[in-house]
Amino acid sequence: PPSRPTRPPMTAATLPFSIRDSKGKVRFLMDAGGDDNGAVMVIMNSKGLPGVGLSALEDGGSVEVTDESGARVASLRSVPNGGILRVSHQDGRSVEVDGSAGVKVQGSDDTAHVQLYSDGKSGQVNVYGGSSGYAVAQLRTISSGAGRLTLTNGDGSILLDAGATPSRVGLLKLEADGNGAAGTI
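Everything in this summary refers to the structure shown in the same document. All values derive from a computational prediction rather than experimental measurement. (Residues numbered from 1 in each chain as written. Predicted model: local features only at pLDDT ≥ 70, side-chain atom pairs only at ≥ 80, totals over all residues. Heavy atoms only, no water.)

1. Side note on the environment of Lys47
Inclusion rule: In DSSP terms, a helix is any run of H or I states spanning at least four residues, a strand is any run of E spanning at least two, and both are numbered starting from the N terminus. With a 1.4 Å probe rolled over the protein chains alone, any residue whose accessible area is under 20% of its type maximum counts as buried; one over 50% counts as exposed, and the rest are partly exposed.
Looking at the element boundaries, Lys47 is found in the loop between β3 (39-44) and β4 (50-57). According to the relative accessible area criterion, Lys47 is exposed, its value standing at 55%. Counting along the chain gives 22 residues from Lys47 to Ser69, while the straight-line C-alpha distance between them is 8.5 Å.

2. Thoughts on the side chain of Glu96
Applied cut-off: As used in this structure description, the phrase polar contact means that two N or O atoms lie within 3.5 Å; if the pair is within protein, one of them must be able to donate a hydrogen and the other to accept it, and residues adjacent in sequence are counted only when both atoms belong to side chains. It only takes one pair of heavy atoms within 4.5 Å for two residues to be counted as in contact.
Residue position: Glu96 is located in strand β8 (residues 94-98). Side chain to side chain, Glu96 and Arg86 meet in a polar contact 3.3 Å long. The contact partners of Glu96, leaving out residues within four places of it in the chain, are Ile84, Leu85, Arg86, Gly102, Val103, Lys104 and Gln106.

3. Describing the pairing of strand β11 (residues 123-128)
Here is the rule we go by: Should DSSP find at least two bridges between two strands, the strands are taken to pair.
Pairing geometry for strand β10 (residues 112-118) and β11, over five bridges, is antiparallel. Paired with Leu116 across the bridge in β11 is Val125. Hairpin geometry of β10 and β11 is characterised by an intervening segment of four residues between the two adjacent antiparallel strands and by a positive phi of about 95 degrees at Gly120. Here β11 runs beside strand β12 (residues 135-141); their pairing, made up of five bridges, is antiparallel. Each bridged residue has a counterpart across the sheet, and for Val125 the counterpart in β12 is Leu139.

4. A few points about the packing of aromatic side chains
Inclusion rule: Ring pairs are drawn from Phe, Tyr and Trp, using the six-membered ring of Trp, whenever the two centres fall within 6.5 Å, and their geometry is named by plane angle: stacked under 30 degrees, edge-to-face over 60, tilted for the rest.
Here the structure, examined in full by the defined rule, presents one aromatic pair. Both rings, one in Phe17 and one in Phe28, keep their centres 6.2 Å apart while their planes meet at 35 degrees; by these two values the pair is tilted. One end of the pair, Phe17, is in strand β1 (residues 17-20); the other, Phe28, is in strand β2 (residues 26-32), with eleven residues separating them in the sequence.

5. Focus: the pairing of strand β6 (residues 72-79)
By the bridge criterion, five bridges tie strand β5 (residues 60-66) to β6 in an arrangement that is antiparallel. Residue pairing for β6: Val65 is matched across the bridge by Ala74. With six bridges joining them, β6 and strand β7 (residues 82-88) adopt antiparallel strand pairing. Residue pairing in the sheet places Val79 in a bridge with Gly82 of β7.

6. Comments concerning the environment of Ala13
Counting through the fold element by element, Ala13 comes out in the segment before β1. Each C-alpha atom of the pair Ala13 and Ser143 lies 59 Å from the other, and the pair is 130 residues apart in sequence.

7. What about the side chain of Gln106?
Its location among the elements puts Gln106 in strand β9 (residues 102-106). Here Gln106 is in contact with Arg86, Arg93, Ser94, Glu96, Thr111, Ala112 and His113, once residues within four sequence places are set aside.

8. A short note on unusual backbone geometry
Here Leu15 and Pro16 are connected by a cis peptide whose omega angle stands at -10 degrees. Mapped onto the fold, Pro16 is located in the segment before β1. A positive phi angle, close to 65 degrees, is found at Asn81, a residue other than glycine. Residue class for Asn81 comes out exposed when judged on its relative accessible area of 85%.

9. Re the pattern of salt bridges
Pairs may arise between side chains of opposite charge once their charged atoms sit close together. Selection criterion: Put simply, a salt bridge is a Lys or Arg side-chain nitrogen that is within 4 Å of an Asp or Glu carboxyl oxygen.
On inspection of all chains with the given rule, the structure shows six salt bridges. The salt bridge partner of Glu96 is Lys104, with a shortest N-O separation of 3.5 Å. Across the pair, Lys104 and Glu96 agree in class, each one buried. Among the ionic pairs, Arg148 bridges to Asp161, the shortest N-O distance being 2.5 Å. Separated by 13 residues along the polypeptide, Arg148 in strand β13 (residues 147-152) and Asp161 in strand β14 (residues 158-164) bring together distant segments of the chain. For Asp161, a relative accessible area of 5% gives the class buried. Linked through salt bridges whose partners overlap, the residues forming this network are Arg86, Glu96 and Lys104.

Now the structure itself:
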């Protein structure tokens, strides 16, 4: 039988430790997580700044990616019952995919401007204006399976509400809080 190549012996290291390149720059760091409940690894870029960070801790794991200046531009992390992927622009805008909250496009102030969401049975698209927290436009499915469109003035007061009644009759309500003139279609 052909002989198997022999493997070099494994080298053990104790946390924390680092690995340096031939010029003495630290390229790799490994440390214990908080209270020694996991491990954290950082791969450094050519400038000596973190380039990629990996963690495997008691409550889950994460991957962080930075740009040439060391600013975080992407992350993937576990959360209870799911995960979150976030990709950022240098001006602070970002896109976040969350297993429970859907997809959010956020401004530099970290508030959602557009959100796409599904609970597994129905879907919803929200468009936000400013930082009020209220959707100024919302398109969603309702329990009857019909669509519903709601437009607000930014403080949550409804300007237009269009959809259908449970008996599937089209309904259009106008004016503040949707209490104005109503019409059926």
